[in-house]
Amino acid sequence: MKNSSYIRKMLAFACSFLLLICSQVLAGQKIHTVFFEGEENELHVYRINGSKPGKTLLIIGGIQGDEPGGFLAADFYADFLLEKGNLIVVPRANFPSILKKERKINQDMNRKFLDDNVSNYESKVVNVLKKLICESDCFLNLHEGSGIYSSKWESDKKNPKRFGQSIIADDSEVKGSDSKESIHLERMAKKVIEKINRHIENKEHFFHFNNHRTNDPDSVHKEQLRSATYYAYHICKIPAFGIESAKSLPLEQKVRQHIYAINAFMEILDIIPQTPGIDLKKPEMQYMIISVNDSIPVVVGKMQRLKIHKGDTIQIHDIIANYERGLSVDVIGLGNQFNDMKKRLVVNEPTRIVAKKDFYKCGSVFLDIDSKDSKAVMQLSVSESKQTQILRYKLKINGKLKMVDNYGHVDIQRGDKLVIEDILAGKVDPSKYIVNFKGFVGNLANNSGEDRGYVIDTSKEVLMKRYSLNKRGRNYYVLTTLNGKEVGKIFIDIQL
Ligand SMILES: [Zn+2]
């Protein structure tokens, strides 16, 4: 993972220079960047680029740690995929304050965006956020506010000085950089508010537009001159809003209100999500959970080996992969040809367990047989695969096991039933190879060339003579390839 994120970072870096070319490369991509990795203020930034170009919306949550409605909502968008436009999502701007469930640690992070000269982790994070704000076309800072905002004084809990259930802007419009026309913040916010309020039953909790008029001499919110949204308004000249769910509401409602707000802003900006999001990442198994003779299950990692005794009963309970659905296991030579998950299988010889996601093979673990016959002392041990490059073949001839070295010959009688059960390939997953009996087609519907596991009946006319030496129908070979290149062979000589 680290490697690919590094490559992506480099790609994003290169792309800042080669904007035109790379806008193609980065389209339809997710880029996860980690700032201050390993420090307590580690900062995760997710850039989601739609397949079609468009506006960029920045969503920041958790700038103050005691406002979960905001960062939990932002979290959902980190996994988004877009058809058009872009999102930059910072779910947890101030992670230390979230861990403590406090508004601030050293200083209020949302009061450090103007002439700040105190250096601490908050200022380091703010410097990153400032760049992200100026990269965007619109910015939402997700908060929870105390009380409920109302343009008129109604009570101590509901009045013009309260923040809850409002969308805050620093002005009714923002000038827009250079020659660009002004953007009507109030109009944008009111469109969004209309959409949020459709989902709110209690009229007392309706959202309202809350214009702080931050730069006006008589503004009651002068402290907002130091906020992130004012920085966006004043320096980056983009529309920016504080979205405030009232602290007193149930958490789920607070999160939902933020989601309604984000969705409505995306609609205004013509940022279109993919529904459902399609992320066809390569399936990768990480672990298998296996028990032996009903012991407490052990965790066996990809390409690791589990040592058992001849005759032990194994049971695969689960596999952990980068997918949750479509998973199965195949214990080679045992169980059935579909799924061996949760089956109790007696193992008498070394074998391999293949994890699959649908029909993709996504990882293997090995079962080794301990030759020492000490069934009384059952100690499960998991070890790494040996670094051997030597390829060996595990064959079954009329049900009898035969191991064959690479480039070796096997004599069989015509009529013998041959199964190429597996290959042993050291540190490389044997699933990555293709083992092809030339002249035999295992899967007629989909001839991938892979012939492991099929019963090759040599009595019938199933073998194609033209693949044999001198087309005499006697000397065949099994070719093993890795990524299309030959890595091994064995020769099958049929005696008459
Ligand atoms: Zn806040």
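All values reported here derive from a predicted model rather than from experimental measurement.

Conventions we followed
Residues numbered from 1 in each chain as written. Predicted model: local features only at pLDDT ≥ 70, side-chain atom pairs only at ≥ 80, totals over all residues. Heavy atoms only, no water. Donors = N, O, S within 2.8 Å, 3.2 Å for Na, K, Ca; no water. Tetrahedral: all angles 85-135°; square planar, octahedral: opposite > 155°, others 65-115°. Domains from an automatic or database assignment. Patch = residues over 30% accessible without salt bridge, like charges linked within 9 Å, V, L, I, M, F, W, Y side chains within 5 Å. Areas by Shrake-Rupley, 256 points an atom, 1.4 Å probe, with all protein chains shown as cover. Salt bridge = Lys/Arg side-chain N within 4 Å of Asp/Glu carboxyl O. Helix = DSSP H or I, 4+ residues; strand = E, 2+ residues; numbered from the N terminus. Pairing = 2+ DSSP bridges. Axes fitted to C-alpha atoms, helices over the stretch in contact; angles between N-to-C directions. Buried < 20%, exposed > 50% of the residue type's maximum accessible area, 1.4 Å probe, protein only. Polar contact = N/O pair within 3.5 Å; in protein donor to acceptor, adjacent residues only side chain to side chain. Contact = heavy atoms within 4.5 Å. 1 Å grid on protein atoms, 1.4 Å probe; cavity = no way out; pocket = protein on both sides within 12 Å on 5 of 7 lines; lining within 4 Å. Points joined across faces, edges and corners; volume = space filled by probe spheres on them. Nonpolar A, V, L, I, M, F, W, Y, C, P; charged D, E, K, R; others polar. Parallel < 35°, antiparallel > 145°, perpendicular 65-115°, else oblique. Left-handed = near helix turned anticlockwise from the far one by under 90°.

Some words on the coordination of the zinc ion
With distances of 2.0 to 2.4 Å, the protein atoms coordinating the zinc ion are Gln 64 (OE1), Glu 67 (OE), Glu 67 (OE) and His 143 (ND1). Taken together, the four donor atoms coordinating the zinc ion and their angles of 56 to 147 degrees define a geometry best described as irregular.

Focus on the domain arrangement of the protein
Its domain assignment divides the protein into domain 1 (2-273), domain 2 (285-384) and domain 3 (392-495). Here the C-alpha centroids of domain 1 and domain 3 sit 61 Å apart.

Here's the deal with a nonpolar patch on the surface
Residues Tyr 287, Val 299 and Ile 320 make up a contiguous nonpolar surface patch of about 260 Å² in total accessible area. The topology assignment puts Tyr 287 in strand E14 (residues 285-292).

Some thoughts on the sheet that holds strand E28 (residues 455-457)
Across the sheet, which stays open at both edges, the four strands sit in the order E24-E23-E26-E28 with antiparallel pairing between neighbours. Whereas interior strands pair on both sides, the edge strands pair on one side only; in this sheet they are strand E24 (400-405) and E28. Direction aside, neighbouring strands of the sheet carry axes that sit 30 degrees apart on average.

Topic: the side chain of Gln 257
Inspection of the secondary structure puts Gln 257 in helix H8 (residues 251-268). Classification of Gln 257 by relative accessible area gives buried; the value is 1%. Of the polar contacts made by the side chain of Gln 257, one reaches the side chain of Ser 245; its length is 3.0 Å. Setting aside residues up to four positions removed in sequence, Gln 257 forms contacts with Gln 165, Ile 196, Ile 200, Phe 207, Ser 245 and Leu 249.

A look at the layout of surface pockets
Of the pockets and cavities examined, the largest pocket occupies roughly 1500 Å³. Contributing elements (two or more residues each) for the lining of the largest pocket: strand E18 (327-331), strand E20 (351-357), strand E21 (360-370), strand E26 (417-424), strand E27 (433-437) and strand E29 (475-482). Along the lines of polarity and charge, the residues of the lining of the largest pocket split into 15 nonpolar, 15 polar and 15 charged. Summarising the domain contributions, the lining of the largest pocket has at least three residues from each of domain 2 (285-384) and domain 3 (392-495).

Description of the environment of Glu 154
Checked against the element boundaries, Glu 154 lands in the loop between strand E6 (148-149) and strand E7 (158-159). Relative accessible area serves as the criterion here: at 44%, Glu 154 is assigned to the partly exposed category. Separated by 250 residues in the primary sequence, Glu 154 and Val 404 place their C-alpha atoms 88 Å from one another. At 2.9 Å, the side chain of Glu 154 forms a polar contact with the side chain of Ser 150.

A closer look at the side chain of Asn 141
Mapped onto the secondary structure, Asn 141 falls in strand E5 (residues 138-145). Other than its neighbours up to four places away in sequence, Asn 141 contacts Ile 60, Ile 63, Asn 110, Ala 228, Thr 229, Phe 241, Gly 242 and Ile 243.

Comments concerning the pattern of salt bridges
According to the stated counting rule, one finds 34 salt bridges in the structure shown. The residue Arg 47 makes a salt bridge to Glu 135 at a minimum N-O spacing of 2.6 Å. On the criterion of sequence distance, the pair formed by Arg 47 in strand E2 (residues 43-49) and Glu 135 in helix H5 (residues 121-135) is long-range, its members being 88 residues apart. One salt bridge in this structure joins Glu 154 and Lys 158, with 4.0 Å as the shortest N-O distance. Lys 158 gets classed as buried once you look at its relative accessible area, which sits at 11%. Through salt bridges with shared partners, a single ionic network connects Arg 352, Asp 422, Asp 429, Glu 450 and Arg 452.

Here's the deal with the pairing of strand E15 (residues 298-301)
Strand direction decides the pairing type here: E14 and E15, joined by four bridges, are antiparallel. Bridging across to E15, Tyr 287 finds its partner in Gly 301. Once E14 ends, the chain turns through five residues before running back antiparallel as E15, passing Asn 293 with a positive phi of about 50 degrees.

Side note on the pairing of strand E12 (residues 240-246)
The element E12 is largely enclosed, with a buried count of seven among its seven residues. Across three bridges, the pairing between strand E8 (residues 166-169) and E12 is antiparallel. Bridged to Ile 168 within E12 is Gly 242.

Some remarks on unusual backbone geometry
A cis geometry characterises the amide bond from Thr 275 onward to Pro 276, with omega recorded as -10 degrees. Inspection of the secondary structure assignment puts Pro 276 in the loop between strand E13 (272-273) and E14. A positive phi angle, near 50 degrees, is found at Asn 293, a position not held by glycine. Topologically, Asn 293 is positioned in the loop between E14 and E15.

Concerning the packing of H5 against helix H7 (residues 228-236)
Between H5 and H7, whose axes approach to 10 Å, the crossing angle comes to 50 degrees. Considered as vectors, H5 and H7 are oriented oblique to each other. Taken as a pair, H5 and H7 cross one another with a handedness that is right-handed. For the pair formed by H5 and H7, the contact residues are Lys 130, Ile 133 and Cys 134 on the first element and Ala 228, Tyr 231, Ala 232, Ile 235 and Cys 236 on the second.

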